[in-house]
Amino acid sequence: MTATTHPPTVFVTAPRLAPAGLQRLQAAHCRVLYLQDGGGEAEVAAVLARESVDAVISRTATLSAAAIAACPTLKVISKHGVGVSNIDVAAASQRGIPVYVTPGANAQSVAEMTLGLMFAAARRIAWMDAELRAGRWSRAQDGLELSGRTLGLLGFGQVGQRVARVALALGMQVVAFDPAFDPACAPGSGAVAGVRMLGSVDELLPLSDVLSLHVPLNARTRHLLDAGRIAQLPRGALLVNTARGEVVDEAALIHALRSGHLAAAGLDTMAEEPLPVGHALAALDNVVLTPHVGGSTPAALAAMAGMAAVNVLGWLQGSPADPSHCVNPEVLR
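Residues numbered from 1 in each chain as written. Predicted model: local features only at pLDDT ≥ 70, side-chain atom pairs only at ≥ 80, totals over all residues. Heavy atoms only, no water.

Caption draft 1: Focus on the pattern of salt bridges. According to the stated counting rule, one finds six salt bridges in the structure shown. Across the pair aspartate 142 and arginine 124 runs a salt bridge, and its minimum N-O distance is 3.3 Å. Remark: arginine 124 occurs in the loop between helix H5 (107-123) and helix H6 (125-133) and aspartate 142 occurs in the loop between H6 and strand E6 (150-154); sequence separation between them is 18 residues. By relative accessible area, aspartate 142 is classed as exposed at 53%. (Salt bridge = Lys/Arg side-chain N within 4 Å of Asp/Glu carboxyl O. Helix = DSSP H or I, 4+ residues; strand = E, 2+ residues; numbered from the N terminus. Buried < 20%, exposed > 50% of the residue type's maximum accessible area, 1.4 Å probe, protein only.)

Here you go:
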């Protein structure tokens, strides 16, 4: 790593960056480029091919191997968030380019969205709202009271731990499984008092009246919740997903919702985004949908932008960010 001696060019793969990040870049005299509204993978690659970009702050658009290869000046990438499934990390690693994330920056906002979807699904809030707006006084009185039920957390990082604390305060029992959890914490212990850590996803599912997903998308977690595992959930369970849509086999989920095996679902993320017009999920009145905005409050956007700017400037200026924020730390050696 060598510090950049010229004013660096930073490419943000979105139309804007919150002032908390932009002001840091401007103070370092960066030239800041943006992806135009509606731009996708092809435009990202085109910008990197024609501009001498030193750093990328990656939002939701795909940052492909071809795009990374097209920019010989690229030195560092930071995700504006924590999920790097849209970044070809292997291609970056081959070039010795570190890929940083912004852990914890949006955790509170995602946790609050998780809870909102859980309440909405449990009490059919979206359906009743739609009925009232259509002029019908449809009073659903079959909602699920959450106190006394068991919340299962698949993934127990910062978001899951925040959700757990609120669920415990509601009077729920909370169990969790996380394959990446500190091995020093044996099953039965956890980072939140009152949460029982379990040894496998198959042990977690039969106990979960409400299952909430908080795992990253990778080769191990893609379709982790398939038809067989959905069948392990208690009949009438709720599913909440604020992680990644591809963690769930969507066809199996739709079947379970139609059959009544799952009572309801609250989804902030789907396998295909934007959700196509006429998609089967949108036709189900026991599903609450939001357009992947769990971490998109102004507070979260400011925190992610500020941390992403610190990540790229630290590398370019010779003062790297915390190595634990790097998803390919082998390139730091």
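Caption draft 2: Geometry of the pairing of strand E1 (residues 9-12). Here E1 shows a buried face lined by Thr9 and Phe11 and a second buried face lined by Val10 and Val12. Direction of pairing for E1 relative to strand E2 (residues 31-34): parallel, over a ladder of four bridges. From the neighbouring strand, threonine 9 faces E2, where its bridge partner is arginine 31. The parallel pair E1 and E2, bridged by helix H1 (residues 19-27), forms a crossover whose chirality is right-handed. (Pairing = 2+ DSSP bridges. Right-handed = clockwise from strand over helix to strand, strands pointing away.)

Caption draft 3: Geometry of helix H10 (residues 250-259). What H10 keeps buried is the set Glu250, Ala252, Leu253, Ile254, Ala256 and Leu257. Packed against the buried residues of H10 are helix H9 (227-232), strand E10 (237-241), strand E11 (262-267) and strand E12 (287-289). The backbone nitrogen of alanine 251 has a side-chain oxygen 3.2 Å away, supplied by the residue at the start of H10, namely aspartate 249. Just downstream of H10 lies glycine 260, where phi reads positive at about 90°. (Contact = heavy atoms within 4.5 Å. Polar contact = N/O pair within 3.5 Å; in protein donor to acceptor, adjacent residues only side chain to side chain.)

Caption draft 4: Seen up close, the sheet that holds E6. Read across the sheet, seven strands follow the order E8-E7-E6-E9-E10-E11-E12 without closing on themselves; strand pairing throughout is parallel. Among the strands making up the open sheet, the edge pair consists of strand E8 (195-197) and E12. When the angles between neighbouring strand axes are averaged without regard to direction, this sheet yields 15°. Relative to E8, strand E7 (residues 173-177) runs parallel, the two sharing three bridges. For valine 174, the partnering residue across the bridge sits in E8 and is valine 195. Against the sheet, H5 contacts E6, strand E9 (210-213), E10, E11 and E12, and its axis sits at roughly 150° relative to E10. Contacts from H10 reach E10, E11 and E12, with the element oriented near 135° to E11. (Axes fitted to C-alpha atoms, helices over the stretch in contact; angles between N-to-C directions.)

Caption draft 5: How the structure looks around the sheet that holds strand E5 (residues 99-100). The strand order E2-E1-E3-E4-E5 describes an open sheet built from five strands, whose pairing is parallel. A single partner strand is all that each edge strand has here, and the edge strands are E2 and E5. Here strand E3 (residues 55-58) pairs with strand E4 (residues 76-79) via four bridges, running parallel. Looking at the pairing, alanine 55 lines up with valine 76 of E4. Packing of helix H11 (residues 298-316) onto the sheet brings it into contact with E3, E4 and E5, and relative to E4 it is tilted by some 165°.

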